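Architecture and fold: a report
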Amino acid sequence: MIYADYNGSAPICADVKEYLINRLETGPFANPNSIHQLGQKTLMGLENARAVSAKLLGCLPKNIIFNSGSTEGISHVFYSILTDAKEDQIIITSGIEHSAVVKVCKHWAHKRNLQLMIIPTLENGVIDLETLKGWVKEYGSRIATITVMAANNETGAIQPFKEISALCADDNIPFICDTTQIIGKEPFSFKESGADFAFLSGHKLGALTGSGLIMAKDVTKLKPLIIGGGQEKDLRGGTQNYLGNETIAVGLTYFQKMSEKLHNLREARDKFEARLLKSFPEAVVISKDAPRVASTTYISLPGIHGQAVQIELESQGIFVTTSSACSDNEPSTSKVLKSMGVTDDVGRGVVRISLGLCSPLEWYETIGDAMIAAYEKLSKIKSF
Ligand SMILES: Cc1ncc(COP(=O)(O)O)c(C=O)c1O
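All values reported here derive from a predicted model rather than from experimental measurement. (Residues numbered from 1 in each chain as written. Predicted model: local features only at pLDDT ≥ 70, side-chain atom pairs only at ≥ 80, totals over all residues. Heavy atoms only, no water.)

Once that is clear, we can look at the overall build of the chain. Counting its regular elements, the chain contains 14 helices and 14 strands. Relative to the globule expectation of 21 Å for 384 residues, the C-alpha radius of gyration of the chain, 21 Å, shows essentially globular dimensions. Its C-alpha atoms put the chain at 70 × 55 × 40 Å along the principal axes. Counting across all 384 residues of the chain, residues that qualify as buried make up 57%. The long-range fraction of contacts in the chain, counting pairs at least 24 apart against all pairs at least 6 apart in sequence, stands at 73%. On the chain, roughly 16,600 Å² of surface is accessible, and the fraction owed to carbon and sulfur atoms is 53%. Computed over 39 positive and 42 negative side-chain charges, the inter-centroid distance for the chain is 3 Å. (Helix = DSSP H or I, 4+ residues; strand = E, 2+ residues; numbered from the N terminus. Rg over C-alpha atoms; globule rule 2.2 N^0.38 Å. Buried < 20%, exposed > 50% of the residue type's maximum accessible area, 1.4 Å probe, protein only. Contact = heavy atoms within 4.5 Å. Areas by Shrake-Rupley, 256 points an atom, 1.4 Å probe, with all protein chains shown as cover. Lys, Arg positive; Asp, Glu negative; His and termini not counted. Charge placed at Lys NZ, Arg CZ, Asp CG, Glu CD.)

Another aspect to go through is the pairing of strand β10 (residues 296–300). Counting buried residues in β10 gives five out of five residues, a clear majority hidden from the surface. Of the two faces of β10, the one lined by T296, Y298 and S300 and the one lined by T297 and I299 are each fully buried. In the sheet, strand β9 (residues 284–285) pairs with β10 via two bridges, with the strands oriented antiparallel. From the neighbouring strand, V285 faces β10, where its bridge partner is I299. Sheet topology places β10 next to strand β14 (residues 351–354); four bridges connect them, and they run antiparallel. Across the sheet, T296 pairs through a bridge with S354, a residue of β14. (Pairing = 2+ DSSP bridges.)

Attention now moves to the packing of helix α11 (residues 306–314) against helix α14 (residues 363–379). Axis separation between α11 and α14 bottoms out at 10 Å; the angle between their running directions is 125°. Relative to α14, the element α11 is oriented oblique. Judged by the sense of rotation from one axis to the other, the crossing of α11 with α14 is right-handed. Taking contact as the criterion, the partners of A308, V309, E312 and L313 in α11 are, on α14, A370, M371, A374, Y375, K377 and L378. Among the residues making up the contact of α11 with α14, the classes are represented as eight nonpolar, no polar and two charged. (Axes fitted to C-alpha atoms, helices over the stretch in contact; angles between N-to-C directions. Parallel < 35°, antiparallel > 145°, perpendicular 65-115°, else oblique. Left-handed = near helix turned anticlockwise from the far one by under 90°. Nonpolar A, V, L, I, M, F, W, Y, C, P; charged D, E, K, R; others polar.)

This is the structure we're talking about:
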């Protein structure tokens, strides 16, 4: 089996698996907020996970609030920033954000009567920074927040988040950066990012699903969204997912250990794409010329449905995804691709292949063989 949907969810990485097996054997299992010895031992493990994670994420332990993952983190930060927003204020976001951001922006725009402005996307999948600069100049202090992701989940395109941070800092605008898809895929430092808020989901980097964290430059800017027993400095109620949080520290350590292999992964990915483009010159690799995470390929052969390719690959034990939202068998181009100006004949054909640092590089050879065979077969019965 070849699992090539790391952007959806990465499998538990080898070191996390080993850690967990050992951890489940030895314990302790207790409430980290209990004052007895086992509770305190569990707390020490949790705080060690915070310290290790902070070091590897380029921040301090005090900047980290553990939670269940990015969706919660995003909802929490927007709630904190926008709950008292004034009517004439503006939320600026991009057209390529994950629905966890899109829906929360729409929610707050509606609830507080705020204006929602969407930054246009360039053809290569990167946001139009020049337009954003103009808006910041024009609207300045009316802007309640700017939110742009660090790397896109579909295309892998890396956004100019450091430049956006600098823009925001000049005007004191809170910058919310969805870093879910860059952490565990490319080196990342919260401090260097300059963002006010950033997010991590454990399952995107080989840690346990349901674990995650917010990075906040100043945690006092957060208001509790989940009210409870005073955990996480009273900012996120509920007994901490200490096992999950420990696996985040292990997953981040694993990424650091493996990061010298990023170059090889990028090289293998580029070779794989070049091979497909040579065999099918009409194929399109989305965001090919943008800065991209090393592990993502988003490719389309116009006229061939992505879902048909996915089914062909799956029949050979290769698990990839498409981006198409499908209803009544009418797959449609994703909103990310639409915002890039991608036409429907390309948009309906996309297949996303996303691997990780622990994936054998030979997999690209196998996936390449299977894709070429699928494209050849499906070209004879063009789907649209
Ligand atoms: C860019 C991005 N942001 C946020 C999320 C939400 O993460 P989770 O479902 O782990 O809360 C995802 C998940 O796919 C994502 O890709």
